[in-house]
Structure formats: C-alpha cells, structure tokens
Amino acid sequence: MQSRLRSGPGPGPRPRPAVRPQPRTIKLADPRKRLRFVTVVLSLVFSVFAGRLVQLQLIDSDALAADANTNRYQVIPLTAERGSITSSDGVALATTVDAYDITADPQMFTPQSTGVPDAPEQAAALLAPILGVSKEQLAADLHTPKTRYKRLATQQTPDAKNQISDLKSALDKKAGSKACAAQKAQLKLPADKGGRTRVDNECANPLAGVFNRETQRRVYPSDGLAANLVGFVNAEGVGAGGLEQQYQAQLAGKDGRSSYAQAGGRLVPTAGGSMDAAVPGTDLRLTVNRDIQWAAQRAITDQVSNAGAEKGYVVVQDVKTGQVLAMATSPGFNPNDLASAKSGQLGNAAVQDAYEPGSTAKLMTMAAVLDTGKATWDTHVTVPNTLQRADRVFHDDVDHETWYLTLAGVLAKSSNIGTIEAAEQLGPTQAEANQVLGGYLQKFGIGRPSGLDFPGETKGILAKPEDWKGSQQYTIPFGQGLSVNALQATSVFSTIANGGVRVAPSVVQGTTSPDGKYTPAPPGAESRVVSEQTAKTLTEMLESVVTDEQGTGGKAAVPGYRVAGKTGTANRVDPKTGRYSGYTASFIGFAPADQPRVTVSCVIQDPVNGHFGGQLCGPVFKQVMEFSLKTLQVPPSGSEAPNLPVDWKP
C-alpha cells in the first residue's frame, strides 16, 4: 500500500479545538441579613420621626401653641365698670360713662410688617392732635415690637374714637384703590418674610395696627358739689382722694380679660377666643343730702370771699343718727377739671385740718362741771378783769369791770376767766382737775379718730392730762392748747343735742352690690358721755348765747326755731411757722333746741375782714340751718326759750 506523502506546505495537524471557559457561579448573600439591616435602618428613621412627633405633640406642644398664639391671638384687659357714688336720694355725685382706650400692636408697625421704615412716626403724626399726646411719646410707644399690646391713650371720648376710626377707614380705602394696586404691580416690590407684599409710603396705612378698647371714664355730674368729700380718680381710673380713694377696692370691682384671634389687625370670627368677664364695682349711697350740701357750699364760699379768709368749712349732722348731711369746704375744686385745681384744694379740710377750737370747746368744760355736780347753771361766778395763773395773766376778749355772772352767763358771754374758775372746781388740786377734764374731753372724742377712716383725717391733738404744764392747763378749758377737726367739734354739739349720747359720725348710708342687692350701713357706735339732765341743762345754757342781749351769738338766730349754739374766736396757729398768726372764727349750734334734729358748724380760717365767730360764722349758721330745717320739713318750735339769767347782783 503506497503511502501518499506530499512534501512542502500542506495541511498540518488539525488544531485542537479551544477549551471554552466555564461560567462563574455567583453566590447570593443571605437575604435574611439584608432584611435585618433594612429593618434596623428603617426603625432608626421612624424612631427619629416618632421621637420628633412626640416632642412636638406632647412635650413641646404647649410652648409651640403659645408661640403660635403669640402671633395669632391678642389678649386685652377688660376694665370693670366702677361703682357710682350717689347722694342720699340716689342722684349721682360720681358715675361712669362710656370711653375708649386707644391701643396698638407695635409688631404691626415694624418695617417688615408695613414695608415702610417710619410707620410709627407717621401714625404718631396722625394721632397726636386727636389724643392730645405728643408725637414723640406716641412714636416711642410704637417702637416697642417685643410687645403685642400698648395703650396709647386712656379714657378717650367717643368723638375721639370715631375720628380715629374714620381716618383709619379712609386710609384703608386709599390703600385698596386702583391707583395703589397699579403702583404696587409696577413697582413689583418683593414680599416680606410673612408673604405680604410690601408697599410704598403713599399706599401704606400707618394706622392698621391701631385699635380701640371700650372702657369707662369717671365723671362728676354736679361738678364741684361735695367734691372734697367724694374725691377723685387719677388718670388710670384709680381713686386718689376722698371716698374714691377710701373705697377704691369696693368701687373698682374686678377686671376681666378677653383674647381673640387676629390677622392683619382684623378679628377672625371663626378662630375662637376666650373671655373672663369683668365684675362691676359696688355702688355707694352717701348720707349727704344734695340740696343741703349745695346750700352749705354756697354759704361758706360766699363768706370766705367776703372775709378775705384763707378757707372755711361747714358740717351738717343729724343729731340722732350721726349721719353727715353735708360737708362743704371752700375753696373747693371741680374733679372734672383737676388740671385747674391747686394741690391744697384737693383734700377735705373739714376732717384733715387740726385747729384750736377756742370758745366752742367751753361747752365740754361746762359739761364736766355740771355732770360732776360741782356747779349748776345758776352758780354765781365772780369774774375779774384779769386773772393770774402760772406764768400768765389771762384776759377776756374785752376789758371790763368785775362781772358777776351765773355759770350760764359765763358761757353766754364766753368769758375765758370765768371758764378757768369753773374748771378749777373739778378737783381739789389742779392736777386732779386736769385729770377729770381730760377724761371728759376724751369721751367727747377729742384726740381720737372720728370713726370715718377718711384718708388723711387728723385725730387732733390732746396731750395727756398729766402732761398739761404751766399755762396750758388753764388755756385748755377755754379751747386753746388742744386741736380738733371740724367734724369732731360738730360731734360734740350733736352729743349734747342727742341727750348726752355720742353717735359715731358716718357718711355712707349703704351699698349696692353688682347683683343689685342693697345693704344698709350699720348704725354708728353709741356711747354715753354725760347724763340726760346735764345735756338738757347745757342746751338751755346754749340758748342764752343766741337769745340773750348779752350773748355773743345773736346773728345765728333762726326765726320760728329755738337755737342752741356757741361762738368761737381763737388765736390761730400758722401751719407754716408753728406760731400764732391770725384767728379761727367759728359758730356751732343745733336746732330746734326743744326737739333737736340738726347740728351745723361753721369754721373760717385766717379772715381779714373781721375775726369774731359770731360776726362771721353766725350768719352762715343761720343760712344753712334755716335751709336744712325747711328741706327736712322740721316743724317750728312749739315753745319759747327759757332765757336763763346770765348775771346776778352781789
């Protein structure tokens, strides 16, 4: 067999086919581990969200709500209506009328809120002429953006409130006009952080953040009638004098508060709110008779002017109840116009002035002498022209030969010397006599509070009897060396008129609570000072002062009525220097003497035209007493005065 071999190139051995690489096997991770990892991650994320949610909704919810409400809700106080003060017949002496506090939200005056840099100044320029507050003060109040409430002016009239409302509406209308809309579109001003479009000066309403809050204003319908007693309130509506101050807590009531949602200075009716209603104050009904008060003020004002005096006061008191029917001071003031009043006129001098009463105090000395049985009305008293006691020589008001007087005559002629001699009979020694007299003075209420608790009331000055030294122990019996206020002095005579029983004075007849319930004031405390017989004898002795031709009180006589009273003319202590300067003239009495009903006192300080109490205060007493008796419809006296003899012949 022949082999067929060929030389040269030719097909070589057939190549071995390439080995195909084997595919790689991918091993998957454990799905359970991945699931656990994702679960952990998601759990952490949800935990963060859940924790934040818990923080927002539970932990920080109150704070966040408060922050939201700070911007959304505005809280304003609600002023309680102040209680009224009326006379005894219910006519208002002090009452409350509608008024408005002008308030603002300072945050609404910032450049961010208004789009203008000087919104406070623009608003201040518009408000100043209406509110009567300076532009500088208003602008300063509006430049306080950390507060949402600022009171710009208080107790404005409805007219002022309406002027601001009309002006604000006009500016709102202008800001919404087509011209302002076109101008805003043309300017394309950017929005502020709150999303509100900024506007220029011409289109902004600078009063958008100004509001009014309904409140009250205190007014006094009778102007100055009983003003020194009633008092007044300050600019904040708080009692600052008289009964307004004394009864501030009862009159003021309890303020409330209201909150409301607002946006852009407008109320959002559907956004809710809250209100804590104010509780009105209590009404006071005084014992003051409005007509008698008017008569007393007119009489004392005229006489102070005629006498060229510094001041004067009249007190009218019901002798049975102790109620004050009138308390008038001149010069007075108008509480509706405090700016025109002088500081010295704002008080109530009838209870705040301490003065030496002079001869009207002799009534207490005579009461002690009669009540202790040391003398009777007809005891004979020899009165020389002068009397040496301690380091002083005493005189009467006029030089005279030796007088031979009854004890009634000593009182009628107002003899200082005769009164000293009578007082010396109260004890075997002067020190013991001083103790007896001092005890009676205290029982009459001298040196003690009257019971009114009136602001600034003086209790007077009365030293302890053991401290009466030198001539003082002889001047006190005739009314020098001790001090009283006019109400205390009036109460002394009312005590005698009331049969020797002192009734503490009062000026409040009753109160009416906010629910309309009227509660009468409790009656004044009573205390017996002298016996009924002593009071009766003293009344007859006081009648001689008015009816006897030698008496000093003839000008105080009231036709048809028996009058018991006493004049007083005392050296006056000047409160500025502490020295005697000028005089205190007075007259105090009651009527009808046979059935006493009313006590009237008149005091005039430092008169220039005359100085005797009978001359200056006698006519005032007559005028006020006559008017009071007719007003109260007191019938005339049914008998004649006893006309006790005032002298005797040795």
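It should be noted that the structure appears before, not after, this text.
What comes next concerns the included structure. (Residues numbered from 1 in each chain as written. Predicted model: local features only at pLDDT ≥ 70, side-chain atom pairs only at ≥ 80, totals over all residues. Heavy atoms only, no water.)

### Observations concerning the state of the cysteines
Following the criterion strictly, the structure yields 1 disulfide and no others. Two residues share a disulfide in this structure: Cys 602 and Cys 617, whose sulfurs sit 2.3 Å from each other. Handedness of the Cys 602-Cys 617 disulfide follows from its S-S torsion of about -65 degrees: it is left-handed. Placement of the pair is Cys 602 in strand S24 (residues 598-605) and Cys 617 in helix H20 (residues 613-631), with a sequence separation of 15 residues. For the pair Cys 602 and Cys 617, one class covers both residues: buried. (Disulfide = S-S within 2.5 Å. Helix = DSSP H or I, 4+ residues; strand = E, 2+ residues; numbered from the N terminus. Buried < 20%, exposed > 50% of the residue type's maximum accessible area, 1.4 Å probe, protein only.)

### Comments concerning the side chain of Asn 416
For Asn 416, the position within the fold is in helix H15 (residues 416-423). Among the polar contacts listed, one links the side chain of Asn 416 to the backbone oxygen of His 395, at a separation of 3.5 Å. Once you skip the residues sitting within four places of it in the chain, Asn 416 turns out to touch Ser 359, Lys 362, His 395, Asp 396 and Phe 478. (Polar contact = N/O pair within 3.5 Å; in protein donor to acceptor, adjacent residues only side chain to side chain. Contact = heavy atoms within 4.5 Å.)

### Re the nonpolar core
Membership of the largest hydrophobic core comes to 90 residues, with the highest contact counts inside it found for Leu 286, Leu 407, Leu 441, Phe 444 and Ile 446. Not counting residues within four places of it along the chain, the set of residues in contact with Leu 441 comprises Met 364, Ile 446, Leu 462, Trp 468, Ile 476 and Leu 482. One finds Val 316, Ala 556, Val 558 and Ala 585 within the second-largest nonpolar core, a separate group that totals 32 residues. (Core = buried A, V, L, I, M, F, W, Y, C linked by side-chain atoms within 4.5 Å.)

### Focus on helix H13 (residues 362-371)
By the criterion of burial, H13 is predominantly enclosed, with 9 of the 10 residues buried. Buried residues along H13 sit in contact with helix H14 (407-412), H15, helix H16 (430-443), helix H18 (486-497), helix H19 (532-547) and strand S22 (564-573).

### With respect to the environment of Leu 225
Position of Leu 225 relative to the elements: it lies in the loop between strand S5 (210-219) and helix H8 (227-230). Taking C-alpha positions, Leu 225 is 10.0 Å from Thr 329, a pair spaced 104 residues apart along the chain. In this view, Leu 225 contacts Leu 93, Arg 290, Gln 293, Trp 294 and Gln 297; residues no more than four positions away in its chain are not counted.

### Regarding the pattern of salt bridges
In total, this model carries 15 salt bridges according to the counting rule given. One salt bridge connects Glu 236 with Arg 151, and the closest N-O pair in it is separated by 3.1 Å. Placement of the pair is Glu 236 in the loop between strand S6 (232-233) and strand S7 (239-241) and Arg 151 in strand S4 (residues 150-156), with a sequence separation of 85 residues. Accessibility expressed as a relative area gives 37% for Arg 151, which makes it partly exposed. Here the salt bridges do not stand alone but share partners, grouping Glu 310, Lys 311, Asp 353, Arg 572 and Asp 606 into one network. (Salt bridge = Lys/Arg side-chain N within 4 Å of Asp/Glu carboxyl O.)

### Comments concerning unusual backbone geometry
A cis amide bond links Ser 330 to the next residue, Pro 331, at an omega of 0 degrees. With respect to the helices and strands, Pro 331 occurs in the loop between strand S13 (324-330) and helix H12 (349-352). In this structure, the amide linkage connecting Ala 591 to the following residue, Pro 592, adopts the cis form with an omega of -15 degrees. In this fold, Pro 592 is placed in the loop between strand S23 (580-591) and S24. Notably, Gln 155 is not glycine yet its phi reads approximately 50 degrees, a positive angle. The backbone of Asn 643 sits at a positive phi, close to 55 degrees, despite the residue not being glycine. Locating Asn 643 in the fold gives a position in the segment after H20.

Any functional reading would require information beyond the geometric quantities listed.
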